[in-house]
2 protein chains.
Amino acid sequence: MKRDSRLSITLHALLHMAERKTITSEELAACLSTNPVVVRRTMAGLREAGLVRSEKGHGGGWSLACDLATVSLADVHAALGEPAFFAIGNRTESPGCLVEQAVNAAMDGALREAELLLLQRLGTISLADLSRDFQQRMALGRQKTKEQNHVG
Amino acid sequence: MKRDSRLSITLHALLHMAERKTITSEELAACLSTNPVVVRRTMAGLREAGLVRSEKGHGGGWSLACDLATVSLADVHAALGEPAFFAIGNRTESPGCLVEQAVNAAMDGALREAELLLLQRLGTISLADLSRDFQQRMALGRQKTKEQNHVG
DNA sequence: AATCACGTAACATATTGAGTTACATGAAAC
DNA sequence: GTTTCATGTAACTCAATATGTTACGTGATT
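Below: a short report on this structure. Keep in mind it's a predicted model, so treat the numbers as computed, not measured.

1. Considering the relation of the copies chain A and chain B
Under the fitted operation, chain A is carried onto chain B by 0.0 Å of movement along the axis and a turn of 180°, and the coordinates agree to an RMSD of 0.0 Å. Both copies are brought into coincidence by an operation consistent with a two-fold rotation axis. The overlap is high: 100% of the interface residues of chain A also sit at the interface in chain B, so the same surface is used on both sides.

Structure representation (structure tokens):
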């Protein structure tokens, strides 16, 4: 596995859900170029956290159960079970070797600071912010197409 | 694989090397609770970067080829080939989907900031700093032992 | 010549995210 | 009530990769 993209997948799914009242796992999987089971599995945590709802049967599927403005990317990360941010880490957690203790202390300090900053950044970005960014990209795309049409 | 601990291993090895003129892969492996081949493989990058030397044959082994005060943890990370810091990332690097573009932009921004901070932190810590920390831990350990002896 | 130690290839192992198949459950439509 | 649709979940496979291990080649010292 290269990288854990569950947060990326989930955000992508949430924004697509924001564009429609309900959407099925199959449709989402098509949007995300993945598998419906992956969608259900990944979103299970969001359902438990109350961010989304899921309905079985005819007309079922996924729908938002939260206000986009009040949910941050950090909240989504938490709902996913707080997957590890870092690929690097210490070899031993509580080593007897004093050398390793010194190494661990330095590494832990730097990693902790970076993690705090990352969490803080993710905490300040709401799903509504992402949605707004998407809408802007849409508008820009339309504008570009229009210009092209004028040129043609 | 749980986590990439090459940086941790390497720093551990470097500090042990700082305590002795030369040390063999086998001895280092014993210190680090790993395998001599892992030591050689991991340190290959450091040798190419000129941070350490290695000598074959009788009396051979590893020795430092740098001033601990002028080498930062970031330098060591670079010598290792800059292994990825983060376990999380985007699903697709250049997606056509505008939703995913918006998601990627936000994620990239946050990750980039965290990475810059991490690199900056690692850049300000020198091997000499780590060595000093180790020496302090040694001194503290001796002091404690002494006190215990007095009590006993 | 023997021994020691690194250099490296090749293969095994373990972990984990992702993909896939299969089947059960439940809700709506007919 | 039966069919159809959609989720829930277990179980399996696949892929990537750090680490562990074995084996053998190379070069330096004794």
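2. Notes on the environment of Leu-11 of chain A
Residues and elements named next belong to chain A. Within the secondary structure layout, Leu-11 lies in helix 1 (residues 6-18). Residue classification places Leu-11 among the buried residues on the basis of a relative accessible area of 0%. As a C-alpha pair, Leu-11 and Leu-73 span 62 residues in sequence and 7.9 Å in three-dimensional space.

3. Some thoughts on the packing of aromatic side chains
A complete count under the given rule lists 1 aromatic pair over all chains for this structure. For the pair Phe-86 of chain A and Phe-86 of chain B, a centre-to-centre distance of 5.4 Å together with 25° between the ring planes defines the contact as stacked. Within this pair, whereas Phe-86 of chain A is found in the loop between helix 4 (73-79) and helix 5 (98-124), its partner Phe-86 of chain B is found in the loop between helix 4 (73-79) and helix 5 (98-124), the two belonging to separate chains. Each member of the pair Phe-86 of chain A and Phe-86 of chain B is classed as buried.

4. A short note on the packing of helix 1 (residues 6-18) of chain B against helix 3 (residues 36-48) of chain B
All names here are of chain B. Between helix 1 and helix 3, the least distance of the axes is 10 Å, while the angle of their chain directions is 70°. The angle between the axes of helix 1 and helix 3 places the two elements in the roughly perpendicular class. Side by side, helix 1 and helix 3 meet where Arg-6, Thr-10, Ala-13, Leu-14 and Met-17 of the first sit next to Thr-42, Met-43 and Leu-46 of the second. The residue inventory of the contact of helix 1 with helix 3, partitioned by class, reads 5 nonpolar, 2 polar and 1 charged.

5. A closer look at the pattern of salt bridges
Side chains that carry opposite charge are capable of pairing whenever their charged atoms lie near each other. This model, assessed by the stated rule, comprises 10 salt bridges over all chains. A salt bridge links Arg-137 of chain A to Asp-133 of chain A; the nearest nitrogen and oxygen atoms lie 3.2 Å apart. In this pair, Arg-137 of chain A and Asp-133 of chain A are both assigned in helix 6 (residues 127-151), 4 residues apart and thus about one turn of the helix distant. The partner of Arg-6 of chain B in a salt bridge is Asp-4 of chain B, and the shortest N-O contact between them spans 2.7 Å.

6. Details of the interface of chain A and chain B
With 47 residues of chain A at the contact, the number on the chain B side is 47 residues. For the chain A and chain B pair, buried surface summed over both sides reaches about 4,500 Å², with 69% attributable to carbon and sulfur atoms. Considering only the side of chain A, the residues that lose the most area to chain B are Ile-88, Arg-91 and Val-99 of chain A, jointly responsible for 14% of the buried surface there. Scanning the region where chain A abuts chain B turns up 2 salt bridges.

Quick notes on the rules
- Residues numbered from 1 in each chain as written.
- Chains lettered and ligands numbered in written order.
- Predicted model: local features only at pLDDT ≥ 70, side-chain atom pairs only at ≥ 80, totals over all residues.
- Heavy atoms only, no water.
- Least-squares fit on C-alpha atoms with pLDDT ≥ 70 in both.
- Contact = heavy atoms within 4.5 Å.
- Helix = DSSP H or I, 4+ residues; strand = E, 2+ residues; numbered from the N terminus.
- Buried < 20%, exposed > 50% of the residue type's maximum accessible area, 1.4 Å probe, protein only.
- Phe/Tyr/Trp six-rings, centres within 6.5 Å; stacked < 30°, edge-to-face > 60°.
- Axes fitted to C-alpha atoms, helices over the stretch in contact; angles between N-to-C directions.
- Parallel < 35°, antiparallel > 145°, perpendicular 65-115°, else oblique.
- Nonpolar A, V, L, I, M, F, W, Y, C, P; charged D, E, K, R; others polar.
- Salt bridge = Lys/Arg side-chain N within 4 Å of Asp/Glu carboxyl O.
- Buried area = accessible area lost by both parts, 1.4 Å probe.

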